[in-house]
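# Examination of the molecular architecture
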Amino acid sequence: MHGLVNRAVQCFVRDTYGAESWNDVVQQAGLEFSEFEAMLHYDDAITHAIVNAVTVIWDLPRDTLLEDIGTYLVTHPNVDALRRLLRFGGDNFLEFLQSLDDLEARAKLAVDDLDLPKLELHDHGGNVFRLTCEHSLAGFAFVVLGVLRTMADDYGALALLEYTGRVGDTETILITLVEESYSDGRDFDFGGRVA
């Protein structure tokens, strides 16, 4: 697994539960190191070990944890750059959804060896969509689900999202866009902020 993925879990734990909590995860997972290098690759078993450690320590269902990580990735100030990158997908939630097919390719422009799920949006009409997430690591779609829920709120859209299962390497999320302009959404400026 790419180090960015493991580093995301590490940052999630530290930012959510504190630095000491990350030490507990390292111990529970049986790691011989405590820091992930973002640009290295790690055995998938290590990723499974740290995710399992977090679920054991906080008694969380795995799917809930993965969705929480997806939410963290687009809400926490320490990772605001990802939210900004995703907002370039469109001016509203529908345009954002339609841009998901290209997300893997756009991410590879920044990090060419990053192994993200292949996303494909299928429009069933009436603002009902099916998003397929193809990846060998089961559960990646729950991270995507957390990102989608947060981005719907970010755009001010009212959307119903449901994980509908996995067949082979493909997981599916059903998306019903109830109202595109349900609320004002979060402020966003394409120009960014100046420090």
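In this report, the structure presented in the accompanying data block is examined. If you're wondering where the values come from, they're calculated on a predicted model, not measured in any experiment. (Residues numbered from 1 in each chain as written. Predicted model: local features only at pLDDT ≥ 70, side-chain atom pairs only at ≥ 80, totals over all residues. Heavy atoms only, no water.)

A separate point is the environment of Tyr17. Of note, Tyr17 is situated in helix H1 (residues 3-17). For Tyr17, the contacting residues outside a window of four places in its chain are Phe12, Trp58 and Leu60. (Helix = DSSP H or I, 4+ residues; strand = E, 2+ residues; numbered from the N terminus. Contact = heavy atoms within 4.5 Å.)

So, about the pairing of strand S3 (residues 158-167). Inspection of the sheet shows S3 paired to strand S4 (residues 170-179) by nine bridges, in the antiparallel sense. Bridged to Leu161 within S4 is Ile175. Counting the residues between successive antiparallel strands, the hairpin from S3 to S4 contains two residues, one of them, Gly168, with a positive phi of roughly 65°. (Pairing = 2+ DSSP bridges.)

What tends to happen in soluble globular proteins is that the nonpolar side chains get buried as a cluster. Residues Phe93, Leu131, Leu148, Ile173 and Ile175 are the most contacted members of the largest nonpolar core, which totals 53 residues. Looking at this core element by element, the count peaks at eleven residues for helix H8 (residues 140-155). Setting aside residues up to four positions removed in sequence, Ile173 forms contacts with Phe129, Arg130, Leu131, Cys133, Ala141, Val144, Leu145, Leu148, Glu162, Tyr163 and Thr164. (Core = buried A, V, L, I, M, F, W, Y, C linked by side-chain atoms within 4.5 Å. Buried < 20%, exposed > 50% of the residue type's maximum accessible area, 1.4 Å probe, protein only.)

Moving on: the packing of helix H4 (residues 62-75) against H8. Two measures define how a pair of helices packs: the angle their axes make with one another and the distance between the axes. Packing of H4 against H8 brings their axes to within 7 Å, and their N-to-C directions diverge by 45°. If you check the angle between H4 and H8, you find them oblique. H8 is crossed by H4, and the crossing has right-handed handedness. In this structure, H4 contributes Asp63, Leu66, Glu67, Gly70, Thr71, Leu73, Val74 and Thr75 to the contact, and H8 contributes Phe142, Val143, Leu145, Gly146, Val147, Arg149, Thr150 and Met151. Classifying every residue of the contact of H4 with H8 by side-chain character gives eight nonpolar, five polar and three charged. (Axes fitted to C-alpha atoms, helices over the stretch in contact; angles between N-to-C directions. Parallel < 35°, antiparallel > 145°, perpendicular 65-115°, else oblique. Left-handed = near helix turned anticlockwise from the far one by under 90°. Nonpolar A, V, L, I, M, F, W, Y, C, P; charged D, E, K, R; others polar.)

One open sheet holds the four strands; their spatial order is S1-S2-S4-S3, and the pairing between them is antiparallel. With partners counted over all chains shown, the strands left at the sheet margins are strand S1 (118-123) and S3, one partner each. Going across the sheet, the axis of each strand differs from the next one's by a mean of 20°, ignoring polarity. Across six bridges, the pairing between S1 and strand S2 (residues 128-134) is antiparallel. The partner of Leu121 across the bridge, within S2, is Leu131.

Bear in mind that shape data such as this cannot, by itself, settle questions of function.
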